Amino acid sequence: MDDLSPTLGFLLHDAARLLRKRFEQNARGSGLTRSQWQVLAYLSKSEGINQSGLAELLDVEPITLARIVDKLQTMKLIERHADPSDRRVWNLRLTAAAREKLQRARKIGDVTRAEALAGISSADRQQLLKTLQILRANLAEACGTPAAEQKRAAHG
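Residues numbered from 1 in each chain as written. Predicted model: local features only at pLDDT ≥ 70, side-chain atom pairs only at ≥ 80, totals over all residues. Heavy atoms only, no water.

Caption draft 1: How the structure looks around the pattern of salt bridges. This structure, assessed with the given rule, holds 7 salt bridges. The closest approach of N and O atoms between glutamate 115 and arginine 22, which form a salt bridge, is 2.8 Å. Linking glutamate 115 in helix H5 (residues 96–116) with arginine 22 in helix H1 (residues 8–27), this pair joins segments that are 93 residues apart in sequence. Among the ionic pairs, arginine 88 bridges to aspartate 86, the shortest N-O distance being 2.9 Å. Taking relative accessible area as the criterion, arginine 88 reaches 69% and is therefore assigned exposed. Judged by its relative accessible area of 22%, aspartate 86 is partly exposed. (Salt bridge = Lys/Arg side-chain N within 4 Å of Asp/Glu carboxyl O. Helix = DSSP H or I, 4+ residues; strand = E, 2+ residues; numbered from the N terminus. Buried < 20%, exposed > 50% of the residue type's maximum accessible area, 1.4 Å probe, protein only.)

Caption draft 2: Structural detail: the packing of helix H2 (residues 34–45) against H5. Running from amino to carboxyl end, H2 crosses H5 at an angle of 105 degrees, the nearest separation of the two axes being 10 Å. Our classification of the angle between H2 and H5 gives roughly perpendicular. Between H2 and H5, the contacting residues are Trp37, Leu40, Ala41 and Ser44 on the first element and Ala98, Lys101, Leu102, Ala105 and Arg106 on the second. When grouped by side-chain class, the residues that make up the contact of H2 with H5 number 6 nonpolar, 1 polar and 2 charged. (Axes fitted to C-alpha atoms, helices over the stretch in contact; angles between N-to-C directions. Parallel < 35°, antiparallel > 145°, perpendicular 65-115°, else oblique. Contact = heavy atoms within 4.5 Å. Nonpolar A, V, L, I, M, F, W, Y, C, P; charged D, E, K, R; others polar.)

Caption draft 3: Inspection of the packing of aromatic side chains at higher detail. The full count for this structure, using the stated rule, is 1 aromatic pair. On the basis of an interplanar angle of 90 degrees and a centroid distance of 6.3 Å, the ring pair of phenylalanine 23 and tryptophan 37 is categorised as edge-to-face. You can see phenylalanine 23 sitting in helix H1 and its partner tryptophan 37 sitting in helix H2, a full 14 residues away along the chain. You can call tryptophan 37 buried: its relative accessible area is 4%. (Phe/Tyr/Trp six-rings, centres within 6.5 Å; stacked < 30°, edge-to-face > 60°.)

Caption draft 4: How the structure looks around unusual backbone geometry. Unlike most non-glycine residues, aspartate 59 shows phi in positive territory, near 60 degrees. The topology assignment puts aspartate 59 in the loop between helix H3 (51–58) and helix H4 (62–74). Residue class for aspartate 59 comes out exposed when judged on its relative accessible area of 71%. A positive phi angle is found at lysine 76, which is not glycine, with a value near 60 degrees. As for its position among the elements, lysine 76 is in the loop between H4 and strand S1 (78–83). For lysine 76, a relative accessible area of 61% corresponds to the exposed category.

If you want it as structure tokens, here you go:
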């Protein structure tokens, strides 16, 4: 690859940044920030998860998530329920109002994806998804392996 050509990491990061930016533009007027949308979306897939587990899924600090959840609870989009086995733990659930908001978010996401994928054939879209799934799986596996073991495997 040419030294001036963008690297895989740069392209992935920049495409993701622009996708987030475009979603935010399309979602203006919804009353929610991208971070709040993200919390609702992840919670919809992991309903009943506790706050620390959701923070780990989102790759954010627990205090950061707590502030977002506080705001979403004030907006009556999330409910906190005490964990029956540990009263220090809060399990999170979406409200009916949040589910309605998520329907809107999915429509905004559809529009944003259509904009991003404009001019890309169906076959190329499928190949892109397959390639990204393999990339994600490879990195998830590598992240589970201590760095020292990766170095030994590469050299020996």
